[in-house]
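Listed below are the residues making up each chain.
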Amino acid sequence: MRKILAEFVVVLIFTFGWSIVASAQENYAVRKVVFHGNKTLKKDILLDGMVLEPVSYLQKLLTKDEPSLYSTELINIDLKRLVSIYQSEGFLDAQAEVKSLKINDKRNTVKIIIQIQEGEPILIDTVSIHMISDSAEVDLELITKKWL
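Read on for a plain summary of the structure. Computed from a prediction, not measured in an experiment: that's the story for all the values here. (Residues numbered from 1 in each chain as written. Predicted model: local features only at pLDDT ≥ 70, side-chain atom pairs only at ≥ 80, totals over all residues. Heavy atoms only, no water.)

So, the sheet that holds strand 1 (residues 29-36)
Heads up, the condition is: Strands qualify as paired when DSSP identifies two bridges or more between them. Only runs of H or I of at least four residues qualify as helices and only runs of E of at least two qualify as strands under DSSP, and these elements are numbered from the N terminus. Helix axes are fitted to C-alpha atoms over the stretch in contact, other axes to C-alpha atoms as well, and angles between N-to-C directions run from 0 to 180 degrees. Residue contacts are defined here by distance: any two heavy atoms, one from each residue, within 4.5 Å place the two residues in contact.
Taken together, the three strands give an open sheet; going across it, the order is 1-3-2, and neighbouring strands pair in mixed fashion. The sheet is open, and its two edges are formed by strand 1 and strand 2 (95-104), each paired on a single side. For this sheet, the mean angle separating the axes of adjacent strands, direction not counted, is 20°. Along the sheet, helix 4 (residues 72-88) makes contact with strand 1, strand 2 and strand 3 (109-117), crossing strand 2 at roughly 140°.

See below:
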């Protein structure tokens, strides 16, 4: 029944041009997160910024760590966090979206594949400070120490 419903949804998407965010069974354990398109920032940096934490089956056995449970709300938060991480590194046009979800209904697990589009970085060559007038209210030394 689930397979028939999934095929029906796919037909509706292609027929009517609907776009939907891929969704998985809520509360499935996140086993793995894979990034595509991340050329500048390493996987570890991106994973550190996410709420959802994958834990492999072996990690779970050895360390007793529990994986995060998948939810649409958390993945949306993580996509915003990933974009924010890239923007803080100068990639103002960065985008992140769920490319696909690999669901294992037998083990109640999900593998998340995230597509990153970094865009071009914004680079600052020079910062110049020009004083318009001598003002006793402005501490020029304090300002220049902060920036230089």
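There is more to say, and it comes next.
Looking at the nonpolar core
Spelled out, the test is: The nonpolar core is taken to be a set of buried Ala, Val, Leu, Ile, Met, Phe, Trp, Tyr and Cys residues, with the residues joined through side-chain atoms within 4.5 Å. For the exposure calls, accessible area comes from a 1.4 Å probe over protein chains only, and a residue counts as buried if that area is under 20% of its type's maximum, exposed if over 50%, partly exposed in between.
Counting 25 residues, the largest nonpolar core has Val33, Phe35, Leu82, Ile112 and Ile114 as its most contacted members. A per-element tally of this core places helix 4 first, with six residues.

A look at the packing of aromatic side chains
Selection criterion: Planes of paired rings set the category: under 30 degrees apart is stacked, over 60 is edge-to-face and the rest tilted, where pairs are Phe, Tyr or Trp rings (Trp by its six-membered ring) whose centres lie within 6.5 Å.
Scanning all chains against the criterion turns up one aromatic pair. Centre to centre, the rings of Tyr86 and Phe91 are 5.7 Å apart; their planes meet at 80°, and the pair counts as edge-to-face. For Tyr86, a relative accessible area of 1% gives the class buried.

Notes on the environment of Ile112
The topology assignment puts Ile112 in strand 3. Residues Ile112 and Val30, spaced 82 residues apart in sequence, show a C-alpha to C-alpha distance of 7.5 Å. Not counting chain neighbours up to four residues away, the residues in contact with Ile112 comprise Val30, Lys32, Val33, Val34, Leu52, Tyr70, Ile75, Ser100 and Leu101.

Focus on the environment of Tyr70
Looking at the element boundaries, Tyr70 is found in the loop between helix 3 (57-63) and helix 4. By relative accessible area, Tyr70 is classed as buried at 0%.

What about a negative patch on the surface?
Heads up, the rule is: Every patch collects residues that have over 30% relative accessible area and no salt bridge, joining them within 9 Å if they carry like charges and within 5 Å if they are nonpolar side chains (Val, Leu, Ile, Met, Phe, Trp, Tyr). To be clear on the numbers: accessible area is Shrake-Rupley with a 1.4 Å probe, and residue cover counts the displayed protein chains and nothing else. A pair is scored as a salt bridge if a Lys or Arg side-chain nitrogen falls within 4 Å of a carboxyl oxygen belonging to Asp or Glu. Neither His nor the chain ends is counted toward charge; the positive residues are Lys and Arg and the negative residues Asp and Glu. For this purpose, a charge sits on NZ of Lys, CZ of Arg, CG of Asp or CD of Glu.
A contiguous patch of negative charge on the surface is contributed by Asp44, Asp48, Glu53 and Asp65. Along the polypeptide, Asp48 turns up in helix 2 (residues 43-48).

Topic: the side chain of Gln115
For the record, the criterion: Between N or O atoms, a polar contact is any pair within 3.5 Å; within protein, one atom must be a potential hydrogen donor and the other a potential acceptor, and residues adjacent in sequence are included only when both atoms are from side chains.
Along the polypeptide, Gln115 turns up in strand 3. Looking at Gln115, its side chain comes within polar contact range of the main-chain oxygen of His36, at 3.4 Å. Ignoring any residue separated from it by four or fewer positions in sequence, one finds Gln115 in contact with His36, Gly37, Gln95, Ala96, Glu97 and Lys99.

Re helix 4
Here is the rule: Multiplying one less than the number of residues by 1.5 Å gives the expected span of a helix. In this context, the arc is that of the directions from the helix axis out to the C-beta atoms.
Along its 17 residues, helix 4 runs 25 Å from first to last C-alpha, staying within 8% of the 24 Å computed at 1.5 Å per residue. Within the sequence span of helix 4, burial applies to Ile75, Asp78, Leu79, Leu82, Val83, Ile85 and Tyr86. Along helix 4, the residues classed as buried sweep out an arc of 155° about the axis, all on the same side. Away from its buried face, by an angle of more than 90 degrees, helix 4 presents the exposed residues Glu73, Lys80 and Ser88. Taken together, the buried residues of helix 4 touch strand 1, helix 2, strand 2 and strand 3. Of the residues trailing helix 4, Gly90 is marked for its positive phi of about 100°.

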